[in-house]
Every structure is written in structure tokens, then in C-alpha cells.
Amino acid sequence: MAAAIIDGKAVAERRRTALAEQTAAFTRETQVVPHLAAVLVGDDPASGVYVKSKHAACEKAGMKSTVHRLPGATTQAELMTLVQQLNADSLVHGILVQLPLPAQVDTQAILDAVDPLKDVDAFHPENVGLLVQGRPRFLPCTPHGIQVLLREYAVPTAGAHVVVVGRSEIVGKPIGMMLVQKGATADATVTICHSRTRELASITRQADILIAAIGKPEFITAEMVQPGATVIDVGINRVDGKLVGDVAFGPVSAIAGRITPVPGGVGPMTIAMLLENTLTAARLQTIPANR
Ligand code: NDP
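Residues numbered from 1 in each chain as written. Predicted model: local features only at pLDDT ≥ 70, side-chain atom pairs only at ≥ 80, totals over all residues. Heavy atoms only, no water.

A. Spatial organisation of the overall build of the chain. When helices and strands are counted, the chain shows 10 helices and 11 strands. Since a compact globule built from 291 residues should have a radius of gyration of about 19 Å, the 19 Å found for the chain is in line with a globular shape. Referenced to the eigenvectors of the C-alpha coordinate spread, the extents of the chain come out at roughly 50 × 40 × 35 Å. Across the chain, the fraction of contacts at a sequence separation of at least 24, relative to all contacts at a separation of at least 6, is 71%. Of the roughly 13,400 Å² that the chain leaves accessible, carbon and sulfur atoms contribute 56%. When the 26 positive and 26 negative side-chain charges of the chain are each reduced to one mean point, those points stand 3 Å apart. (Helix = DSSP H or I, 4+ residues; strand = E, 2+ residues; numbered from the N terminus. Rg over C-alpha atoms; globule rule 2.2 N^0.38 Å. Contact = heavy atoms within 4.5 Å. Areas by Shrake-Rupley, 256 points an atom, 1.4 Å probe, with all protein chains shown as cover. Lys, Arg positive; Asp, Glu negative; His and termini not counted. Charge placed at Lys NZ, Arg CZ, Asp CG, Glu CD.)

B. View of the environment of Gln22. Along the chain, Gln22 turns up in helix α1 (residues 8-30). Residues within four places of Gln22 in sequence aside, it is in contact with Leu279 and Arg283.

C. Quick peek at the side chain of Asp121. Locating Asp121 in the fold gives a position in the loop between α4 (107-113) and α5 (125-132). Of the buried charged residues, Asp121 lacks a salt bridge, with Lys54 as the closest side chain of opposite charge at 5.7 Å. Residue contacts for Asp121: discarding those within four places in its chain leaves Leu96, Val97, Pro140, Cys141 and Leu274. (Buried < 20%, exposed > 50% of the residue type's maximum accessible area, 1.4 Å probe, protein only. Salt bridge = Lys/Arg side-chain N within 4 Å of Asp/Glu carboxyl O.)

D. A look at helix α2 (residues 45-60). For α2, spanning 16 residues, the distance from its first C-alpha to its last is 23 Å, which sits close to the expected 22 Å at 1.5 Å a residue. Considered for burial, the residues of α2 that qualify are Ser47, Val51, Lys54, Ala57 and Cys58. With its buried residues spanning 130° around the axis, α2 presents them on a single face. Away from its buried face, by an angle of more than 90 degrees, α2 presents the exposed residues Pro45, Lys52 and Lys60. Downstream of α2 by a residue or two, Gly62 has a phi angle that is positive, lying close to 85°. (Expected span 1.5 Å × (residues − 1). Arc of directions from axis to C-beta.)

E. Main features of the site of the ligand. Looking at the ligand, there are 22 residues lining it, with Arg167, Ser168, Ser195, Ile236 and Thr270 nearest. Within the contact set of the ligand, an oxygen atom lies 2.8 Å away from a side-chain nitrogen or oxygen of Arg167. In the environment of the ligand, an oxygen atom lies 3.0 Å from a nitrogen or oxygen atom belonging to the backbone of Ile236. In isolation the ligand offers 930 Å² of accessible surface; the protein chains occlude 71% of this area. (Near = heavy atom within 4 Å. Polar contact = N/O pair within 3.5 Å; in protein donor to acceptor, adjacent residues only side chain to side chain.)

F. Representation of the packing of α1 against helix α6 (residues 141-152) within the structure. Packing of α1 against α6 leaves a shortest axis separation of 11 Å and a crossing angle of 100°. In this view, α1 runs roughly perpendicular relative to α6, as classed from their interaxial angle. Together, Gly8, Val11, Arg14 and Arg15 of α1 and His144, Val148, Leu149 and Glu152 of α6 make up the contact between the two elements. For the contact of α1 with α6, a count of residues per class yields 3 nonpolar, 2 polar and 3 charged. (Axes fitted to C-alpha atoms, helices over the stretch in contact; angles between N-to-C directions. Parallel < 35°, antiparallel > 145°, perpendicular 65-115°, else oblique. Nonpolar A, V, L, I, M, F, W, Y, C, P; charged D, E, K, R; others polar.)

G. Broad picture of the state of the cysteines. Within the structure shown, the criterion is met by 0 disulfides. Here Cys58 stays free of any disulfide, with the sulfur of Cys141 as its closest cysteine sulfur at 11 Å. (Disulfide = S-S within 2.5 Å.)

H. Quick peek at the pattern of salt bridges. Using the criterion set out here, one finds 4 salt bridges in the structure. Close ionic contact of Lys173 with Glu169 constitutes a salt bridge, the shortest N to O distance being 2.6 Å. With relative accessibility at 38%, the residue Lys173 sits in the partly exposed group.

I. Structural view of the sheet that holds strand β2 (residues 35-41). Reading across the sheet, the 3 strands line up as β3-β2-β4 and stay open at both edges, with parallel pairing between neighbours. The outermost strands of the open sheet, each flanked by one partner alone, are β3 (64-70) and β4 (94-97). Going across the sheet, the axis of each strand differs from the next one's by a mean of 15°, ignoring polarity. One ladder, built from 4 bridges, connects β2 with β4; its direction is parallel. Looking at the pairing, Leu36 lines up with Gly94 of β4. Sheet contacts for helix α3 (residues 76-88): β2, β3 and β4; angle to β2, the most-contacted strand, approximately 180°. (Pairing = 2+ DSSP bridges.)

Structure below.
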């Protein structure tokens with residue numbers, strides 16, 4: 001039987017509708033409009049598209065969004081100055097530095113400079129530390145989106161074996177860390193794999209929930225998947241102008257229990273979670289008791 005489709009687009013739409021209502025209520029109560037400042041350096045076309053859709057989504061949710069576009073030759077010092085200005089601007093609640101940054105910029109130093117209370121991507125070491133300790137301030141957007149999808153589709157996680165392929169700071173490591181925590185939509189037994197993992201297929205075949213965050217088109221084949229498993233495809237790869245995930249969707253959906261499509265799976269959730277973090281950031285900065 002073909003896998004059930006996990007419809008991230010529909011879930012994200014519902015979350016965004018609810019968020020727009022929460023934002024309106026927050027603004028009524030406080031007169032504060034949550035404001036996300038995005039920083040885009042250079043002219044990478046994919047980054048440009050991401051920033052544009054984040055900007056549009058903010059406005060739709062009743063939030064303010066400003067985009068700071070800097071030339072590709074921007075220096076470390078210039079970018080740092082902008083980040084510090086945004087940190088100091090009390091009308092800005094969330095700061096998003098779109099990655100990748102050009103080679104001349106020390107990405108880690110820039111991300112570390114973002115005020116942890118405005119760090120809506122949850123990249124700052126303080127926020128990563130809080131997440132690891134199971135008391136998050138912000139949940140990282142893509143991993144949070146995955147967790148919401150698992151919850152919405154009532155995928156059992158307690159005691160389940162989750163195999164994550166990919167160990168990036170943005171997806172692989174944090175989703176592993178979130179699902180291994182105690183609590184609802186967590187309590188999983190987590191294995192994180194990467195390019196040095198031996199016998200990868202023998203591990204992925206043990207997964208009740210398989211999360212692919214690799215960045216290689218259709219890398220996960222049907223032979224790597226346990227029949228009935230839930231397969232979450234984080235990958236966004238452009239092949240001949242078409243978006244393709246890290247999972248071979250056709251063959252894998254023939255044996256998996258549930259699967260996210262690309263596009264329309266994890267991608268829309270990432271933006272919805274970014275908006276939720278922006279409202280959280282506005283709350284944290286407006287109502288100090290929330291910190
Ligand atoms: P990275 O390139 O940072 O990480 C890729 C990971 O895959 C690395 O840990 C790497 O291992 C591992 N890997 C590469 N080749 C293999 C292999 N042959 N076997 C096992 N593991 C391998 O990617 P990201 O995590 O940033 O992104 C992954 C994908 O998800 C990309 O397609 C990206 O576009 C997409 N993405 C989608 C988002 C969304 O909203 N849907 C958000 C963020 C990313 P090693 O560490 O050893 O090199």
C-alpha cells in the first residue's frame with residue numbers, strides 16, 4: 001500500500017492562520033508589532049527566494065519585516081556593525097542572517113553576535129545550550145517543523161528508533177537532540193548518521209522514523225527503508241530546474257507508512273516556525289516576565 005502523505009503545506013497554513021490571530025491579539029494588548037529583520041548578503045538566487053518568502057509570510061501574519069540587502073563584497077566589520085545596530089534597535093524583535101554568507105565573512109562570529117533574545121533561528125550557543133538541556137527558549141525552525149508534523153500525524157515517537165541522516169547544526173544535530181528529550185513527541189531512541197557512518201543502509205533500515213537531511217537528490221532509496229516507516233525528507237535539491245528531496249519519493253512511498261513530499265513537506269513548516277519564533281521573541285522583549 002502506498003504511504004500516507006504528510007501534508008506540510010496544509011499544516012503550515014493552519015499554524016500560520018492561528019499565528020496571525022495570536023499576533024493580532026498580542027498587538028492589541030501591547031501596541032507592539034513583532035518585527036523580523038532579515039539580512040541578505042550577496043546575490044545567491046536561492047537565498048533571495050527564501051528571504052522573499054519569509055518577508056511575505058511575515059506581512060501576511062501581521063508582522064513587520066525588513067530586509068537588509070548588502071553587496072557580496074561586504075566585510076566582516078560592516079556586517080558586524082549592522083548586526084549590532086539591529087541588536088540595539090528596540091523596534092526589531094527577531095534577526096535572521098540568511099546563510100550562506102560570503103567566504104570573507106566568519107559566519108560563526110556573526111551568528112554568535114546576534115542577541116540571544118532576537119535569535120529566531122536558534123543558532124546562538126546560549127540557545128543551543130538551553131535546547132540541549134531540555135529548556136528551549138526558541139526551537140530551531142526546521143527541526144521544530146518536523147516535530148510538529150510528527151505530532152499532527154500522531155506518529156508515535158516514545159521508544160521509537162529515529163535515524164537522522166545528516167549532522168548539520170541547522171537540522172541533523174538539533175532534531176536528534178529534540179527527539180531524544182523527555183516529553184511529548186520525543187522520548188525517542190536516536191541514531192545520527194553522517195558521511196563517515198559505516199553500513200548506513202543497515203542502520204536506516206532499523207528506523208521507525210527516518211529523517212533525511214543530506215543535500216543529495218534521491219539519496220535514500222527503497223532498500224534503505226523499513227516497510228511501514230515514517231520518512232521525513234528535509235532535502236531541497238534543484239535538479240534540471242525541479243525541486244527534488246533527499247529521498248527517492250516514488251519507490252520509497254511504495255513501502256513507507258508515511259512520507260513528506262518535496263515540495264510541500266518540511267519546507268513550508270520551516271517558515272511557519274520562523275514566524276512563531278518571531279512572535280515569541282517579541283513577547284520575550286515586551287514582557288520581561290516571559291524571559
Ligand atoms: P549540510 O550540507 O550542512 O549537511 C549534510 C549532512 O549530510 C552532513 O552531516 C553530511 O555528513 C551528511 N552526508 C553527506 N553525504 C553523506 C553520505 N553519503 N552518507 C551519509 N551522510 C552524508 O546540509 P543541511 O543540513 O544544511 O541541509 C540538508 C538538506 O536539507 C539540503 O538539501 C538543504 O537544502 C535542506 N534544507 C531544507 C530546509 C527546509 O526548510 N526544508 C532547511 C535546511 C536545509 P558530514 O557531516 O560527514 O559531511
